[in-house]
2 protein chains.
Amino acid sequence: MNVCPVLIAGAWRASEASGTFHAEDPTTGERLADAYPISRWSDLDQALDAAVAAAEQLRTLGPEPIAAFLERFASRIEGRGAELVAMANRETGYPQKPRLADVELPRTAGQLRQAAQAAREGSWALPTIDTKNGIRSCLAPLGPVCVFGPNNFPLAFNSLAGGDFAAAIAAGNPVIGKANTSHPGTTRLFAEEALAALADTGLPAGTVQLIYRTSHDDGARLVADPRIGATGYTGSRSAGLVLKAAADRAGKPIYLELSSVNPIVVLPGALAERAEKLADEFTASCLMGTGQFCTNPGLVMLLAGEATERFVQMVVERFGKAPAGVLLSSGVARSLAAAVDGLVAAGAERLAGGKPIAGPGYRYENTLLRVSADAFLAQPHALQAEAFGNASLLVVARDAAQVAQVLRSFEGNLTGAIYSDTAGSDDALYTQLEPVLRPLVGRLLNDKMPTGVAVSPAMNHGGPYPATGHPGFTAVGIPAALRRFGALQCYDNVRPARLPRLLADRNPTGKTWRLVDGRWTCEDVG
Amino acid sequence: MNVCPVLIAGAWRASEASGTFHAEDPTTGERLADAYPISRWSDLDQALDAAVAAAEQLRTLGPEPIAAFLERFASRIEGRGAELVAMANRETGYPQKPRLADVELPRTAGQLRQAAQAAREGSWALPTIDTKNGIRSCLAPLGPVCVFGPNNFPLAFNSLAGGDFAAAIAAGNPVIGKANTSHPGTTRLFAEEALAALADTGLPAGTVQLIYRTSHDDGARLVADPRIGATGYTGSRSAGLVLKAAADRAGKPIYLELSSVNPIVVLPGALAERAEKLADEFTASCLMGTGQFCTNPGLVMLLAGEATERFVQMVVERFGKAPAGVLLSSGVARSLAAAVDGLVAAGAERLAGGKPIAGPGYRYENTLLRVSADAFLAQPHALQAEAFGNASLLVVARDAAQVAQVLRSFEGNLTGAIYSDTAGSDDALYTQLEPVLRPLVGRLLNDKMPTGVAVSPAMNHGGPYPATGHPGFTAVGIPAALRRFGALQCYDNVRPARLPRLLADRNPTGKTWRLVDGRWTCEDVG
């Protein structure tokens with residue numbers, strides 16, 4: 001059997017593997033042909049050494065070649081777009097169009113280009129100059145970054161092309177990508193293009209490396225290794241917390257994006273004003289991509305009453321009529337079924353769906369559950385468990401005070417939304433509930449479902465624990481996402497000729513924003 | 001026996017204590033009269049509830065009253081300055097003048113005023129506006145902050161008046177201060193003035209609370225409590241890492257400032273040019289405050305040769321002539337003696353001092369140790385252990401390559417300095433060594449000892465683990481120090497009237513810096 005090689009130190013090498021695995025076509029459940037290695041520690045050890053060497057070289061090269069690499073990589077991805085989209089489709093079941101070709105692929109290339117721009121310009125590093133005290137500082141690369149990408153965005157969050165990758169590289173760090181095991185082939189194609197782009201632009205070969213899978217123990221050892229600067233992880237909470245514990249013990253930063261139910265509060269005025277529209281909007285957001293979004297609206301809070309009963313019926317009808325999409329893997333199908341069963345066991349009632357769909361392939365009925373706020377408050381922990389996939393839980397409360405009570409029982413979430421009417425009849429309730437919801441979520445929305453995550457400088461794709469590992473950082477949005485991978489470096493009385501370009505008197509690009517003596521400016525100093 | 005009460009929810013209450021302790025006068029070793037309680041969990045539990053209530057109120061009050069409180073507190077501290085200085089002198093042995101009255105007290109008041117200014121202005125929160133996507137974000141208070149202050153700055157880093165306190169409050173959070181047990185009386189005076197300043201300015205009484213001491217278990221429980229937003233800790237590595245483990249497990253941010261030896265590299269040209277001056281400078285920096293600075297120069301690297309031997313003699317003479325200062329406590333005296341013994345056991349030679357001085361009071365001889373780089377590299381871990389106090393280790397290397405080897409064996413440090421000559425003869429060595437030292441330290445200095453830590457926007461009083469717990473943050477410097485205590489909060493499609501003032505179209509102060517559509521500006525939006 002041919003086993004795909006791993007990419008270490010610029011070369012495709014046979015892995016010293018402890019075993020192999022295959023991806024599946026989730027639409028049929030069939031095993032795909034390529035075998036991928038499960039790396040032993042020796043692979044990781046070599047990758048770490050190569051990454052350290054690359055990190056040292058990158059520090060001397062500065063931002064321009066890094067930006068050129070990111071742009072070249074974006075173009076190469078576009079050049080190989082059809083193949084990438086076909087492979088991702090085969091490995092994830094996501095439709096080629098519009099999802100992969102028209103949404104994810106352009107987003108991926110766009111993110112890389114935005115990251116290139118940020119790297120070149122340098123403002124992301126918050127360069128700060130105090131001329132009076134002779135002190136200057138900025139963020140600087142903190143060393144090799146491990147990226148563990150999620151299953152649900154094979155392109156835009158891919159370990160070797162997605163948001164964490166782009167941010168880590170743009171901040172000046174090499175990346176060791178651990179492929180998501182549901183789409184190793186897609187990740188391999190990215191690695192091939194990245195390697196070519198490194199050669200095209202003269203970057204060290206160890207800047208981008210790829211392993212496909214390791215034992216859990218070796219994964220934990222990797223994120224805690226002294227040679228690692230930081231880790232970016234997006235995936236399941238249980239696996240993420242194991243990595244977090246290992247990284248924390250070693251004092252290594254780890255940025256996690258874990259589970260989130262993304263509560264939505266629909267106030268009565270909004271329901272009176274536009275129930276049909278809300279039912280459409282919620283159904284589309286909840287079932288899009290078979291509900292496999294980090295920001296999928298997994299919990300909707302409503303106030304008891306006739307309008308709510310009518311709205312529930314509208315959603316039930318829509319969930320019943322919508323085709324049930326394909327899930328990413330047998331694992332996702334299993335855990336969705338278990339999560340729905342868990343919610344039902346905790347007191348939720350099935351209004352629509354709630355059962356696996358017989359194969360071939362991995363599908364689950366579009367599922368709508370309902371529970372009273374009283375019942376929710378009796379088991380708040382069990383009833384806020386994420387059901388990753390095409391399922392959502394409606395929580396019906398007696399009154400706004402009870403909505404507030406339910407909100408107060410929530411863990412940290414990525415997002416939270418409040419829908420209110422346009423005439424102002426909900427304003428008092430909004431004012432009552434917003435202060436409760438606000439500190440619990442990274443992104444607060446009005447009248448909008450959370451599934452769109454714009455790559456905006458103002459975006460926060462983050463939130464309080466356990467949605468993420470630290471409430472101060474975002475995984476999406478440039479330049480802020482780069483800051484996760486920077487170490488603060490200060491220069492005190494350092495002679496002018498020895499300062500990094502970003503902190504020299506002359507503005508390095510003529511358009512780099514720097515905080516000079518308390519004033520943000522693109523001007524030279526002095 | 002009268003036991004001092006704790007400050008909880010705006011009232012001085014008798015602690016539900018498990019025991020009591022006393023501070024000592026370190027110049028005599030005598031126990032001071034006041035008894036302070038060791039709080040049980042019930043004290044902490046009540047403080048946490050009061051802090052949560054205060055945090056909710058502070059969110060609605062906005063920055064102006066918070067800034068007014070900080071300024072009022074600064075003035076009250078100055079008004080009670082003589083008493084504070086006398087108490088701190090009694091509890092720490094630091095001289096009233098110049099140290100306490102002329103350096104620490106003005107720094108404390110100045111920091112509070114700078115923090116007030118930053119709170120009022122709001123730029124610290126990095127307000128970011130994307131008008132095209134309708135998304136806005138900024139850092140916002142993340143909830144009650146626990147501050148564990150160190151022994152070595154009874155005023156400027158006091159749990160209830162120092163850098164972490166000022167930063168946490170200015171970011172909009174209440175503080176629960178855990179007094180350093182070596183200066184409870186000083187902390188009590190600060191608490192009295194803080195409570196009065198809260199009343200003067202209408203802030204919630206739970207904004208500032210004080211407990212003196214707890215069991216280690218309760219300390220760990222405190223930093224991991226769901227009601228806590230984050231913790232700031234400055235102190236010993238062993239105690240800090242216990243708190244870190246507890247906070248990490250609970251997903252709570254904790255900002256630690258732990259040990260650091262602050263390596264200094266003296267290049268041969270500098271030595272040839274100004275050996276006497278360097279010997280003066282190093283001796284003053286190393287013995288200042290009896291060496292009890294986080295940034296004390298604990299390790300000096302030199303290249304073998306006659307000039308170095310002469311320099312070593314100069315320093316030995318100076319260490320011998322300088323009076324040995326008082327140490328902060330019996331604990332500091334014990335651990336300094338143990339650390340010096342440990343360095344000697346690992347192969348260091350005593351050039352000066354190296355023994356405790358008989359009482360009364362806690363003193364240790366000014367101590368200079370020496371080791372070859374060969375010997376250092378045989379036991380790099382043992383030989384880079386911090387000896388907190390008036391001691392330093394000279395490491396003499398064969399050549400620059402060996403200096404680099406020693407540097408590569410270092411853990412993360414707060415600072416590192418390189419001395420070179422002014423004529424340029426050291427430039428090649430600088431270029432060789434700087435890239436090795438740079439990533440290992442938070443602040444790099446040229447021709448300057450690290451003991452001065454200016455409160456500058458460009459300062460980094462931080463560094464890679466284990467100097468601190470996260471390489472991206474600083475404990476000194478406003479506004480950056482505030483960011484540790486902020487959670488990133490994003491507003492997506494939120495109606496204009498519902499935005500926080502900091503993110504509204506109108507610039508909240510007319511001089512708040514905001515990143516609007518990629519451009520830093522103080523202008524209104526639109």
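Each chain carries its own residue numbering, running from 1 in the direction its sequence is written. By the order in which they are written, chains take letters starting at A while ligands take numbers starting at 1. Only residues with pLDDT of at least 70 are given local features in this predicted model, and only at 80 or more are side-chain atom pairs given and counted; all residues enter the totals for whole chains, interfaces and linings. Only heavy atoms go into the side-chain values, all of them from the structure, while hydrogens and water stay out.

This part takes up the sheet that holds strand β20 (residues 441-446) of chain B. Here the rule is simple: two strands pair whenever DSSP picks up at least two bridges between them. Helix numbering and strand numbering both begin at the N terminus, where a helix is a DSSP run of H or I of at least 4 residues and a strand a DSSP run of E of at least 2. The 12 strands are arranged β23(A)-β22(A)-β5(A)-β6(A)-β21(A)-β20(B)-β19(B)-β12(B)-β13(B)-β18(B)-β17(B)-β14(B) in an open sheet whose pairing can be described as mixed. Strands with a single pairing partner mark the edges of an open sheet, and in this sheet they are β23 (519-521) of chain A together with β14 (349-352) of chain B. On average, each strand axis in the sheet is tilted by 25° relative to the strand beside it, whichever way the strands run. Orientation is described by axes fitted as lines to C-alpha atoms, over the contacting stretch for helices, and by angles from 0 to 180 degrees between their N-to-C directions.

Turning our attention to the interface of chain A and chain B. Contacts between the two partners involve 63 residues from chain A, matched on the other side by 62 residues from chain B. For this document, the term salt bridge refers to a Lys or Arg side-chain nitrogen within 4 Å of an Asp or Glu carboxyl oxygen. Summed over the shared surface of chain A and chain B, the number is 10 salt bridges. Between arginine 498 of chain A and aspartate 427 of chain B there is a salt bridge, with the nearest N and O atoms lying 3.2 Å from each other. Mapped onto the side of chain A that touches chain B, the elements with two or more residues apiece are α1 (41-61), β5 (128-130), β6 (135-141), α8 (237-249), α15 (427-437), β20 (441-446), β21 (486-492) and β23 of chain A. Top element by residues in the side of chain A that touches chain B is β21 of chain A. It accounts for 7 residues. Under the convention adopted here, Pro, Cys and the residues Ala, Val, Leu, Ile, Met, Phe, Trp and Tyr are nonpolar, Asp, Glu, Lys and Arg are charged, and Gly plus all remaining residues are polar. Taken together, the residues of the side of chain A that touches chain B sort by class into 25 nonpolar, 18 polar and 20 charged. Pairing analysis gives 3 bridges linking β20 of chain A to strand β21 (residues 486-492) of chain B, with the strands arranged parallel. Paired with leucine 444 of chain A across the two strands is tyrosine 491 of chain B, which belongs to β21 of chain B. Throughout, a residue-residue contact means that at least one pair of heavy atoms, one from each residue, lies within 4.5 Å.

Another aspect to go through is empty space enclosed by the protein. The definitions used throughout rest on a 1 Å grid laid over the protein atoms alone, on which a cavity is an enclosed set of points accommodating a 1.4 Å probe that cannot get out and a pocket is an open set flanked by protein within 12 Å on both sides along at least five of seven lines; lining residues are those having an atom within 4 Å of a point. Grid points are joined across faces, edges and corners, and a volume is the space filled by probe spheres set on the points. Counted under the stated rule, the structure contains 13 cavities of 30 Å³ or more. Here the largest cavity defines a volume of roughly 560 Å³. Every residue lining the largest cavity is counted, 37 residues in all, and those nearest its centre are Leu126, Leu139 and Arg483 of chain A together with Leu126 and Arg483 of chain B. Breaking the lining of the largest cavity down by element, the ones donating at least two residues are β6 and β21 of chain A together with β6 (135-141) and β21 of chain B. Partitioned by chemical class, the residues of the lining of the largest cavity number 23 nonpolar, 12 polar and 2 charged. The calculated volume of the second largest cavity comes to roughly 310 Å³. Around the second largest cavity, the lining comprises 19 residues; the ones closest to its centre are Asp248 and His470 of chain A together with Asp248, Gly469 and His470 of chain B. At the level of elements, α8 and β11 (254-257) of chain A together with α8 (237-249) and β11 (254-257) of chain B are the ones that each hand at least two residues to the lining of the second largest cavity.

All names here are of chain B. The residue after glycine 359, namely proline 360, is reached through a cis peptide bond having omega 10°. Structurally, the position occupied by proline 360 is in the loop between β15 (356-357) and β16 (363-364). Note the cis peptide between tyrosine 465 and proline 466, where omega equals 5°. Position of proline 466 among the secondary structure elements: in the loop between β20 and β21. We note that aspartate 447 has phi near 55°; this positive angle belongs to a residue other than glycine. Note on placement: aspartate 447 falls in the loop between β20 and β21. To sort residues, take the accessible area from a 1.4 Å probe on protein chains only and compare it with the maximum for the residue type: under 20% means buried, over 50% means exposed, and anything in between is partly exposed. Look at aspartate 447 and you get buried, because its relative accessible area is 19%.

What follows is about the sheet that holds strand β5 (residues 128-130) of chain B. The strand order β14(A)-β17(A)-β18(A)-β13(A)-β12(A)-β19(A)-β20(A)-β21(B)-β6(B)-β5(B)-β22(B)-β23(B) describes an open sheet built from 12 strands, whose pairing is mixed. Each of the sheet's edge strands pairs with one partner strand only, and the pair in question is β14 (349-352) of chain A together with β23 (519-521) of chain B. Adjacent strand axes in the sheet meet at a mean angle of 25°, parallel and antiparallel pairs treated alike. Inspection of the sheet shows β5 of chain B paired to strand β22 (residues 514-516) of chain B by 2 bridges, in the parallel sense. Looking at the pairing, threonine 128 of chain B lines up with leucine 515 of chain B of β22 of chain B.

Purely geometric stuff here, so don't read any function into it on its own.
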